[in-house]
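# Inside the fold
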Amino acid sequence: MSGIKRKGSNRHKAYGMTAELNRKISSKYPKDLDMQCREWVEMMVGENINWGVEHEYSKPGDALADALDDGVLLCRIVNEVIPGTIKKVHTGEKINEFQKQENIQNFLEACTDEPFNCIPAELFPTVYLFERQNMGQVVTGIQAFARRAHLYDKTVPLFGPKQNERNPRNFPDWVKSYRGDQ
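For the protein, an unreviewed UniProt entry supplies the name Calponin-1-like and the organism Actinia tenebrosa.

Encoded structure:
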């Protein structure tokens, strides 16, 4: 086995039902959305990003997580849509684990606050990205933010399906009796 140290690799090996669930989560990773997500992030940031490299020991989504797991790019994207939304973004070479998680949490809080109002069920817990537990849900969360950001500002490129809009129906007043005798 290789000497490659991956984030989250200090977890013990899963057995039984946990291993089965991890395999199921990995098998559902949307590879097509992964590439769309990378392109969308690069469009939003305005530069080419050094994505990680996937190899035989990596889980699906590890390459995407290599660039996003410190939360800096996610915070930059939110501040690109509305400048100053996230006031403190921890950056630099000496950023510690807690600051990385705080960046991710700041992104998630900005998503659920006005004007985006993302539904929390569409987003992801911080550990899903930081420990690379369920990268498919991370991609779905980024997609949810992209929909809401596009709804707020039409210049933001759309990633995924368009956000549904209200379509109120105004029905005429119907006769109160269906028997026809009134």
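### Overview of the overall build of the protein
Tallying secondary structure elements over the protein gives seven helices and zero strands in all. Order of helices (α) and strands (β) in the protein, N terminus to C terminus: α-α-α-α-α-α-α. In the protein, which comprises 182 residues, the proportion classed as buried is 39%. Considering only residue pairs separated by 6 or more positions, the protein has 57% of its internal contacts joining residues 24 or more positions apart. With the model as given, the accessible surface of the protein reaches about 11900 Å², and the carbon-plus-sulfur share is 51%.

### Let's talk about the packing of helix α2 (residues 31-45) against helix α4 (residues 72-81)
One can describe the packing of α2 onto α4 by two numbers: an axis separation of 9 Å at closest approach and a directional angle of 55°. The angle between the axes of α2 and α4 places the two elements in the oblique class. Pair α2 / α4 crosses with left-handed handedness. In this structure, α2 uses Trp-40, Val-41, Met-44 and Val-45 to contact α4, whose residues at the interface are Leu-73, Arg-76, Ile-77, Glu-80 and Val-81. When grouped by side-chain class, the residues that make up the contact of α2 with α4 number seven nonpolar, no polar and two charged.

### Focus on the nonpolar core
Counting residues in hydrophobic clusters, the biggest one holds 41 residues, and the most contacted among them are Trp-40, Val-41, Leu-129 and Phe-145. Those elements that place two or more of their residues in this core are α2, α3 (62-68), α4, α5 (97-112), α6 (126-130) and α7 (135-152). The element best represented in this core is α7, accounting for seven residues. In this structure, Phe-145 is in contact with Trp-40, Ile-77, Val-78, Val-81, Phe-107, Cys-111, Phe-116 and Cys-118, ignoring residues within four places of it in sequence.

The rules behind these values
Residues numbered from 1 in each chain as written. Predicted model: local features only at pLDDT ≥ 70, side-chain atom pairs only at ≥ 80, totals over all residues. Heavy atoms only, no water. Helix = DSSP H or I, 4+ residues; strand = E, 2+ residues; numbered from the N terminus. Buried < 20%, exposed > 50% of the residue type's maximum accessible area, 1.4 Å probe, protein only. Contact = heavy atoms within 4.5 Å. Areas by Shrake-Rupley, 256 points an atom, 1.4 Å probe, with all protein chains shown as cover. Axes fitted to C-alpha atoms, helices over the stretch in contact; angles between N-to-C directions. Parallel < 35°, antiparallel > 145°, perpendicular 65-115°, else oblique. Left-handed = near helix turned anticlockwise from the far one by under 90°. Nonpolar A, V, L, I, M, F, W, Y, C, P; charged D, E, K, R; others polar. Core = buried A, V, L, I, M, F, W, Y, C linked by side-chain atoms within 4.5 Å.

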